[in-house]
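What follows is the residue order along each chain.
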Amino acid sequence: MNLNLTSTIKTDRYPLRRDVINLCQEVGKPLLKLSTKDYQDHGLEHWVEQYGSAALVNIEVFNQLQHTITGWPGGKPNADDSTRPERATPYPKRVIVFSPHPDDDVISMGGTIRRLMQQGHDVHVAYETSGNIAVNNEEVTRFMHFINGFNQIFAKGKDEFITEQYNAAKRMIVDQQGGEREQQVLLKIKGLIRRGEARLACAYNRIPSDRIHFLDLPFYESGRIEKLPMSEGDIVPIRELVASVCPHQIYVAADLADPHGTHRKCTDAVLAAIDEERKAGAQWLEECRIWMYRGAWAEWDVADIEMCVPMSPEELREKRNAILKHQSQMESAPFLGNDERLFWQRAEDRNRTTALQYDALGLACYEAMEAFVEYKMPSI
């Protein structure tokens, strides 16, 4: 049930743009300073011949990149949208952000989410997996101490169920073993911790609680790093959500560098659900665009970017604040990988790097930028 997302992403849609950007990087010049000799020296004179002059090639690529930059990711109402990456209408738009784990939304596109909310769009966030195995046992211990203390203070320790669950979790953490029931107790607590953090981050971004969806896709619930095969059970809840919201925009993760493959499976599930809706003749798809984001593990090449949302220093700090709501994913998170930077540091470094790349090409200089590529649905 893999929709071959890799081939979709790697399609080279902009050969001119890629060649010219690479040339800028090789000669150390911004776009509008490239000369005919620069093109000739690097075997790219065919572009000069096609457009008539180096200056016209430069302007063409400059304009293409300039038109990817927008402060209106949901489209600017009552404005000419002929050179903008998103449509002016309909406004406001219904938006679904699909987040593989309960923090990928703010890590990868937290600035864009805040901008969509500020500009009046109806934003839903759908957390596809529980993320429970990525919570350290120390976090469980901290929360269990609170629950036990709460029980002692307000129920005077009389709630036998809380005491029983507390002791089961405690044994599991101390012994690092136990039956399936005890393991499930720990995983459920860890899932609750991540849900709570996601709700805090959404509240910070002013997303209403009834716009937060926890899908808990079954493929993830193996209790191990190795996940279960994707099945129809992973597609059904996604299809039900998109059919009920009828979104004008969908954002999905395309971070294929995720070392555990969860992002790939989550996005395959979303695209499979959309494909089933399309085959069923869903009318809402006619007005829907699908944008792919990266950020936790990698970033888009500038030549591939089709929408780039800039952030000021204050907006970048607000994005960091939302990421920091996910405290279980800070220093003690089990799966940070070989990259020693925390997720908020990775996100800021990547967003700043994208802005620096645009700046080096001679475009506007921003503090940071979040990048997107539009997913083109294959013909049936």
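First things first, this report covers the structure right here in the doc. (Residues numbered from 1 in each chain as written. Predicted model: local features only at pLDDT ≥ 70, side-chain atom pairs only at ≥ 80, totals over all residues. Heavy atoms only, no water.)

Take the environment of Asp-38 next. With respect to the helices, strands and loops of the structure, Asp-38 is situated in helix α3 (residues 36-41). Spatially, the C-alpha atoms of Asp-38 and Ser-82 are 32 Å apart, while their sequence positions differ by 44 residues. With near-sequence residues (within four places) excluded, Asp-38 lies in contact with Leu-23, Val-27, Lys-29 and Lys-33. (Helix = DSSP H or I, 4+ residues; strand = E, 2+ residues; numbered from the N terminus. Contact = heavy atoms within 4.5 Å.)

The next point concerns a nonpolar patch on the surface. A cluster of nonpolar residues, Phe-146, Ile-147, Phe-150, Ile-153 and Phe-154, forms a patch on the protein surface that exposes about 570 Å² of accessible area. When you line up the elements, Phe-146 lands in helix α7 (residues 137-154). (Patch = residues over 30% accessible without salt bridge, like charges linked within 9 Å, V, L, I, M, F, W, Y side chains within 5 Å. Areas by Shrake-Rupley, 256 points an atom, 1.4 Å probe, with all protein chains shown as cover. Salt bridge = Lys/Arg side-chain N within 4 Å of Asp/Glu carboxyl O.)

Next up on the list: the sheet that holds strand β3 (residues 212-214). Spatially, the seven strands line up as an open sheet ordered β3-β2-β1-β4-β5-β7-β6, and their pairing is mixed. The outermost strands of the open sheet, each flanked by one partner alone, are β3 and β6 (307-311). Adjacent strand axes in the sheet meet at a mean angle of 25° when their direction is disregarded. Of the pairings in the sheet, the one linking strand β1 (residues 94-99) to strand β4 (residues 249-253) comprises three bridges and is parallel in character. Residue pairing in the sheet places Val-95 in a bridge with Gln-249 of β4. Contacts from helix α11 (residues 262-279) reach β1, β4, β5 (289-293) and β7 (368-375) within the one sheet, and its direction differs from that of β4 by about 150°. Contacting β6 and β7, helix α12 (residues 313-323) runs over the sheet at an angle of about 100° to β6. (Pairing = 2+ DSSP bridges. Axes fitted to C-alpha atoms, helices over the stretch in contact; angles between N-to-C directions.)

Omega for the bond connecting Thr-89 with Pro-90 falls within 30 degrees of zero, at -5°, which places this linkage in the cis form. By secondary structure assignment, the location of Pro-90 is in the loop between α5 (54-66) and β1. Each neighbour pair has its own omega, and for Tyr-91 with Pro-92 the value is -5°, a cis peptide bond. Checked against the element boundaries, Pro-92 lands in the loop between α5 and β1. One non-glycine residue, Asp-216, lies in positive phi territory at about 45°. Within the element layout of this structure, Asp-216 appears in the loop between β3 and α10 (232-245).

So, on to α12. Among the residues of α12, those classed as buried are Leu-316, Lys-319, Ala-322 and Ile-323. Down the axis of α12, the smallest arc covering the buried residues is 115°, so these residues share one side. (Buried < 20%, exposed > 50% of the residue type's maximum accessible area, 1.4 Å probe, protein only. Arc of directions from axis to C-beta.)

Among the secondary structure elements, Lys-319 is positioned in helix α12. A polar contact of 3.0 Å, which involves the side chain of Lys-319, links it to the backbone oxygen of Ile-107. Those residues in contact with Lys-319 that sit more than four places away from it in its chain are Val-106, Ile-107, Ser-108, Met-109, Gly-110, Gly-111, Met-311, Ala-347, Asn-351 and Glu-370. (Polar contact = N/O pair within 3.5 Å; in protein donor to acceptor, adjacent residues only side chain to side chain.)

Bringing the packing of aromatic side chains into the picture now. Enumeration according to the criterion identifies four aromatic pairs in this entry. A centroid spacing of 5.4 Å and a plane angle of 20° characterise the contact between Tyr-127 and Phe-214, whose relative ring orientation is stacked. Placement of Tyr-127 in strand β2 (residues 122-127) and of Phe-214 in strand β3 is noted, with a sequence separation of 87 residues between them. Among the aromatic residues, those joined into a cluster by ring pairs are Phe-146, Phe-150 and Phe-154. One cation-aromatic arrangement involves Lys-227 over Tyr-220; the distance from NZ or CZ to the ring centre is 4.7 Å. (Phe/Tyr/Trp six-rings, centres within 6.5 Å; stacked < 30°, edge-to-face > 60°. Lys NZ or Arg CZ within 6 Å of the ring centre and 35° of its normal.)

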